[in-house]
Protein chains: 2
Amino acid sequence: MHRIDLLIEPEWLLAIEPDDAVLSGHAVAVDGGAIVAVLPAAQARERYDAAEHVRLPGHALLPGLVNSHVHNPMTLMRGIADDLPLMVWLKEHIWPAEARVLGPQFVRDGVELAIAEMLLGGTTCCSEHYFFPDAIADTYRKHGFRAMVGLPVIDFATPWAANPDQYFDKALTVHADLAGEPLLSTCFVPHAPYTVNDDSMRRLRELSEKLDLRVHMHVHETAQEVDESLQQYGQRPLARLQALGLINERLLAVHMTQLTSAEIELCASNKVTVIHCPESNLKLASGFCPVAQLQQAGVQPTLGTDGAASNNDLDMIGEMRSAGLLAKAVSGNPAAMPARQVLRMATLQGARALGMDGAIGSIEPGKRADLIAVDLSGVSTQPVYDPVSQLVYAASRDHVRQVWLDGRRRVRDGELVDMDVQDILERARTWHGRISAPAA
Amino acid sequence: MHRIDLLIEPEWLLAIEPDDAVLSGHAVAVDGGAIVAVLPAAQARERYDAAEHVRLPGHALLPGLVNSHVHNPMTLMRGIADDLPLMVWLKEHIWPAEARVLGPQFVRDGVELAIAEMLLGGTTCCSEHYFFPDAIADTYRKHGFRAMVGLPVIDFATPWAANPDQYFDKALTVHADLAGEPLLSTCFVPHAPYTVNDDSMRRLRELSEKLDLRVHMHVHETAQEVDESLQQYGQRPLARLQALGLINERLLAVHMTQLTSAEIELCASNKVTVIHCPESNLKLASGFCPVAQLQQAGVQPTLGTDGAASNNDLDMIGEMRSAGLLAKAVSGNPAAMPARQVLRMATLQGARALGMDGAIGSIEPGKRADLIAVDLSGVSTQPVYDPVSQLVYAASRDHVRQVWLDGRRRVRDGELVDMDVQDILERARTWHGRISAPAA
């Protein structure tokens, strides 16, 4: 018998590969943080001597979810203002609040609060888009969380950097500092076409090619953005990005609610990734991303919650539900975006987009053990005819009971194992006080 | 001091009336199943000697939610088939399954499963639309659940009745049997314009007027329904209902995704209630109900989950979220359907539509004590800037920790108090087996 760290026997194994198979009576063997085997449970019990043997009747085991677009420091501004037109929300609420608090400590505390929420809800990897990427990376590293840390580029000054030269210098420094980190990687996060000038765009193309880094950007989020680009540049933003050489397989374009058929084809033929944020798009009335059409055209959309100030949670199970439901109505086809497809978006397609599919996104030997167990045995999720359907259309984040990240248990029986929740909440309260205080 | 049964002190009191007020430092005094006072907590502690004194720091207390459109026996078919075109879903999956199992026992067991899920998620009242209303009513009565029980009318034979005469006879019998029931009332539930002929519609108009009963019907659910009505009757369904005298304040029209401006005005001026089921409409690709426009025009829309086979849960907090988000995108206005408005839809507007607003829908002296406490103190719902926003845009059903229905505790610390969950689940498993068995 082989000694291993962990053997998990769920009722249903949602391995994602091959072919979205749902396996019953199977077990996952984990050792040294890696998945070493997926095999029938009876065989597993004969072959392996596991230090920890976890039986999960009534549970589905699946890969940890990948939240491919977040602004996690903004979790501290969850619900600060809602139900407002976008520019009022930004100018009168978000930007003044950020001006009051934005700095490394705010960023650390916001990311910690987010990590707690993400783990409890079954998310084990995220792609981060915010300032102070050094403090962000440090916080993810401290908590052993898997993340792609964005290196910001934007035209105007912020507490992080004063001008494009500084943004790029600091980006390269943070990138170099994170080389060799097992759970962290980097990409560029230019904010959007309307906040990043052509010169910076050219530098991005050059550097992203030279360093093989992805470019994660808000693109075609609203009709207003598209109109203003036509006025300023005589082109739609995607056309401008194409002229600047940024339409390629390194582009992760977020939102993309304003797309022509030609633009969908452009993305497909250039292997552009589209990051779909349905709840944010709905909440801000940005428009509807034609995600079913994109999938049909060969684009591999991924899923993200966006920041907690425009959602207002980081719940990827809820986001899967919203994506699955909305795609049907938007395409006018109730067979569009079936549950298995949505689950793939939130796992393997997310992993691929971030260049992490060698490590995560499916439950296969050789990959890392980012695993979550969802309890389907209660009244809200019974009877079960199809566990994938149940996960996407009936389960909620509170059904996530066990979480492993890189083979290490992070959530046990619905509770965080190694995070000081009281301390996190106290710091959240302190920031709440500072943000709510009347302006001096 | 006055002796009372119960004094509740939440951190935030969302009383709905007056004016969507959110009160801090207030308490609710309950006695004999009724709310006797709402007042500052300090005064309450001096005035009342409560048998049970419940302090709920970090919690919002609000009226129990009203699910105004369900087919609860179908909870046993949750996830039986998804991601299919509507007629395939009905003809190849739902109707064959119903043929195999539909009868009083199936109905009882499905309703019990649903009651368990509804209570755990903070729903304390529903409006039911299914066959065997006698067995349905009996089950709600047995479990002390508040419900409007629909009396079905449909052209074709089912195990409940063979022809319109029988449907009407049985409806009147059930209606008479339920007279005087404190928690139950009745209404007619003709299925839809395309399954109920003109003659039955005329009988409905007459009887609903004579007995002052509401008419709760699926109307303008899909474009196909509207087209077929034009072909068969030369009129859109709403126009046909108007000619038949059914457009009035007794009509509860469900779905209503296909509306012209004139039809919106027709509903407003005739005080028609529109029951909005966003998740069902999305899942079946039925279309988008213009709910923000309806609210603006003076219609008072209500909220429902529809059956668990087309949602796939009975979660009213999730449904509020979907309604709030979707209305913004559909109307193109991020200020539309603010959180307070959505909460009102799910409480007082629902109660009013069912003629129950004298008893429920807001936390005011004289009303019954249908109350739920939602815990906002955890990482997913902190920090709190606005408890109503937090409830609608960040909380989920698992945050419902305490539920009282008619003053009686039904959920304590997230667990059902007086329902045999194991027995309910076992019966769900048995039905699952019968439904899944290969057809004989």
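Rules used in this analysis
Residues numbered from 1 in each chain as written. Chains lettered and ligands numbered in written order. Predicted model: local features only at pLDDT ≥ 70, side-chain atom pairs only at ≥ 80, totals over all residues. Heavy atoms only, no water. Helix = DSSP H or I, 4+ residues; strand = E, 2+ residues; numbered from the N terminus. Rg over C-alpha atoms; globule rule 2.2 N^0.38 Å. Buried < 20%, exposed > 50% of the residue type's maximum accessible area, 1.4 Å probe, protein only. Contact = heavy atoms within 4.5 Å. Areas by Shrake-Rupley, 256 points an atom, 1.4 Å probe, with all protein chains shown as cover. Lys, Arg positive; Asp, Glu negative; His and termini not counted. Charge placed at Lys NZ, Arg CZ, Asp CG, Glu CD. Core = buried A, V, L, I, M, F, W, Y, C linked by side-chain atoms within 4.5 Å. Buried area = accessible area lost by both parts, 1.4 Å probe. Salt bridge = Lys/Arg side-chain N within 4 Å of Asp/Glu carboxyl O. Polar contact = N/O pair within 3.5 Å; in protein donor to acceptor, adjacent residues only side chain to side chain. Nonpolar A, V, L, I, M, F, W, Y, C, P; charged D, E, K, R; others polar. Least-squares fit on C-alpha atoms with pLDDT ≥ 70 in both.

Peer 1: Can you explain the overall build of chain A? Please cite residues and give values.
Peer 2: When you go through chain A residue by residue, the secondary structure sums to 15 helices and 17 strands. Here the C-alpha radius of gyration of chain A, 21 Å, is about what a compact globule of 440 residues would show, namely 22 Å. A principal-axis box enclosing the C-alpha atoms of chain A has dimensions of 65 × 50 × 45 Å. When the 440 residues of chain A are sorted by exposure, 64% land in the buried category. Summarising the internal contacts of chain A: among those between residues at least 6 apart in sequence, 72% fall at separations of at least 24. Of the roughly 14,600 Å² that chain A leaves accessible, carbon and sulfur atoms contribute 48%. Each charge class in chain A can be summarised by its mean position, and for the 38 positive and 55 negative side chains these summaries are 2 Å apart.

Peer 1: Which residues make up the nonpolar core, and what are the values?
Peer 2: In globular proteins that are soluble, nonpolar side chains generally tend to be buried together. The biggest cluster of nonpolar side chains holds 242 residues, and the ones touching the most others in it are Tyr140 and Met320 of chain A together with Tyr140 and Met320 of chain B. In contact with Met320 of chain A, not counting residues within four places along its chain, are Leu65, Leu303, Val342, Leu343, Ala346, Leu391 and Val392 of chain A.

Peer 1: Describe in detail the interface of chain A and chain B, supporting the description with residues and values.
Peer 2: In this complex, chain A contributes 63 residues to the contact, which on the side of chain B involves 63 residues. Considering only the side of chain A, the residues that lose the most area to chain B are Asp83, Val379 and Tyr385 of chain A, jointly responsible for 17% of the buried surface there. Run the count over chain A and chain B and you get 5 salt bridges. For Lys328 of chain A, the salt bridge goes to Asp83 of chain B, with nearest N and O atoms at 3.1 Å. Our count for the chain A to chain B interface comes out at 26 residue pairs in polar contact (both at pLDDT 80 or more). When contributions to the side of chain A that touches chain B are tallied by element, the ones reaching two or more residues are helix H3 (104–120), helix H10 (278–283), helix H12 (316–331), helix H14 (387–393) and helix H15 (421–436) of chain A. The dominant element in the side of chain A that touches chain B, judged by the number of residues it contributes, is H15 of chain A, at 7 residues. Class assignment for the residues of the side of chain A that touches chain B results in 34 nonpolar, 17 polar and 12 charged.

Peer 1: Lay out the relation of the copies chain A and chain B with the relevant residues and their values.
Peer 2: The operation relating chain A to chain B is a screw motion whose rotation component is 180 degrees, with 0.0 Å of axial translation and a residual RMSD of 0.0 Å. Put plainly, the chains are arranged around a two-fold axis. Measuring from the rotation axis to each C-alpha of chain A, the shortest distance belongs to Asp398 of chain A, at 3.1 Å. When the interface residues of chain A are mapped onto chain B, 100% of them again fall at the interface, so both copies present the same face.

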